[in-house]
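Chains, contacts and geometry: an overview
Here are the chains, one letter per residue:
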Amino acid sequence: MISKHLLLTYLYLLVYITLSSGVILYNKWVLSPKYFNFPLPITLTMIHMGFSAFVAFVLIRVLKVVSPVKMTFEIYATCVIPISAFFAASLWFGNTAYLFISVAFIQMLKALMPVATFLMAVLCGTDKLRCDLFLNMLLVSFGVVISSYGEIHFNVVGTVYQVTGIFAEALRLVLTQVLLQKKGLTLNPITSLYYIAPCSFVFLFVPWYLLEMPGIEVSQIRFNFWIFFSNALCALALNFSIFLVIGRTGAVTIRVAGVLKDWILIALSTVIFPESAITKLNIIGYAIALCGVVMYNYLKANDVRSSQTSGDSERAAKDLRSSNMYGLDDNSSNSGMGGKNGRSGSHLEVVMDEEVPLIPASKGLLSRSKPS
């Protein structure tokens, strides 16, 4: 018999995979001129941010589900604003790519996320340039190049948009770790939306005013309230589902689920959108890239385990010194004080998906307690 806890975990993973795939396919359907024909990606992203900000405001200020954190002007200016700017940029570029390239090819390009995050972390000084990780990044990049070469409907503009969005997202993740952890600020899913979504909306207003607003003709816009409401609701639900999955299983599991989701999404996109044809070279290149991604995750997991072991050893030695100092034998020391609280280091969790949570599951940023 499968335990209730394990069954609930699988249910959360299923919800995450379903919502993630659904949001991506839904966005493609809404934006594509061949289907719903709403080719305004910045407008769509602003709808998502505005809806998320409104829901977060109601939950915090009206229903008082959670309390807002202590946010000073200095923290908001130095942390929230830059993070919101890169979050807005990643969504803007990522959604714009749907206008030019297929969903399947977009998912293949997303294999570059660990490469982008590693490079940004090295540049920001949060990670060291290591030979083993660098070789993995070369393998991932090589696989993506092969996959791009095999793309039938390769589009330079769409590829540049998607890759730029990936690097913007990577920089956001690194800045989240560097800036918020230094301030000791802890944000849950609701408070992160409460502070970051409105700011991202403001940043999106600038490119919207310059690029989309001049060409908008109200008579030519197809607006369906239920289409946009359900689309924004799915995007909001996805953000919460990622936190639920990470809180129950950890970011490594959600990475594996993300890889499974990508394969499912590539297959579904070729059925739903016939123009999303894939070739053998696409699959070979993507498989090579995924091998590099899997090895990268393995190496990072080993780093985390090593840091945990080192932290446990240091605490054990400290407890032993304390027990000897007070004349206690080894059995009297409180050996149970290690465990989960013994995690040292500050590794950056990267979820292989464009709809990643606003605040990654790094130490000090997200409570890893299991939901009831």
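It should be noted that the structure appears before, not after, this text.
Presented here is a report on the structure given in the accompanying data block. (Residues numbered from 1 in each chain as written. Predicted model: local features only at pLDDT ≥ 70, side-chain atom pairs only at ≥ 80, totals over all residues. Heavy atoms only, no water.)

1. Overview of the overall build of the protein chain
Within the protein chain one finds eleven helices and zero strands. Going from N to C terminus, the protein chain has its helices and strands arranged as α-α-α-α-α-α-α-α-α-α-α. Expressed as a percentage of its 372 residues, the buried residues of the protein chain come to 49%. Pairs at least 24 residues apart make up 85% of the contacts formed inside the protein chain by residues separated by at least 6 positions. Summed over all atoms, the accessible surface of the protein chain reaches about 18000 Å², with 69% contributed by carbon and sulfur. (Helix = DSSP H or I, 4+ residues; strand = E, 2+ residues; numbered from the N terminus. Buried < 20%, exposed > 50% of the residue type's maximum accessible area, 1.4 Å probe, protein only. Contact = heavy atoms within 4.5 Å. Areas by Shrake-Rupley, 256 points an atom, 1.4 Å probe, with all protein chains shown as cover.)

2. Re helix 9 (residues 225-249)
Taking 1.5 Å per residue, 25 residues should reach 36 Å; helix 9 reaches 36 Å between its end C-alpha atoms and fits that length. The N-cap of helix 9, judged by a side-chain oxygen 3.1 Å from the amide nitrogen of W226 a few residues on, is N224. (Expected span 1.5 Å × (residues − 1). Polar contact = N/O pair within 3.5 Å; in protein donor to acceptor, adjacent residues only side chain to side chain.)

3. Considerations on the environment of R130
Structurally, R130 is set in the loop between helix 5 (113-124) and helix 6 (131-149). Beyond its immediate sequence surroundings of up to four residues, R130 is in contact with F118 and D303.

4. With respect to the pattern of salt bridges
Following the criterion strictly, the structure yields three salt bridges and no others. Between K261 and D262 there is a salt bridge whose closest N-O contact spans 3.0 Å. D262 matches K261 in its accessibility class, with the two residues each being buried. (Salt bridge = Lys/Arg side-chain N within 4 Å of Asp/Glu carboxyl O.)

5. Some words on the nonpolar core
In terms of nonpolar packing, the biggest core is built from 82 residues, with V30, F38, V103, V144 and L204 touching the most fellow members. Not counting residues within four places of it along the chain, the set of residues in contact with V30 comprises F36, N37, F38, L44, I227, F228 and N231. Ranked by size, the runner-up nonpolar core spans twelve residues in total, among them Y16, L19, I254 and A257. (Core = buried A, V, L, I, M, F, W, Y, C linked by side-chain atoms within 4.5 Å.)

6. What about unusual backbone geometry?
A positive phi angle, near 65°, is found at N37, a position not held by glycine. Relative to the assigned elements, N37 resides in the loop between helix 1 (4-31) and helix 2 (41-62). Looking at N37, the relative accessible area reads 34%, which means it is partly exposed. A positive phi angle is found at K64, which is not glycine, with a value near 55°.

7. Let's talk about the packing of helix 1 against helix 2
It is the contact of helix 1 with helix 2, at a shortest axis distance of 10 Å, that shows an interaxial angle of 135°. Between helix 1 and helix 2, the angle falls in the class oblique. Relative to helix 2, helix 1 is oriented so that their crossing is right-handed. Of the residues in helix 2, those touching helix 1 at N27, V30 and L31 are P41, L44 and H48. Counted by class, the contact of helix 1 with helix 2 contains four nonpolar, two polar and no charged residues. (Axes fitted to C-alpha atoms, helices over the stretch in contact; angles between N-to-C directions. Parallel < 35°, antiparallel > 145°, perpendicular 65-115°, else oblique. Left-handed = near helix turned anticlockwise from the far one by under 90°. Nonpolar A, V, L, I, M, F, W, Y, C, P; charged D, E, K, R; others polar.)

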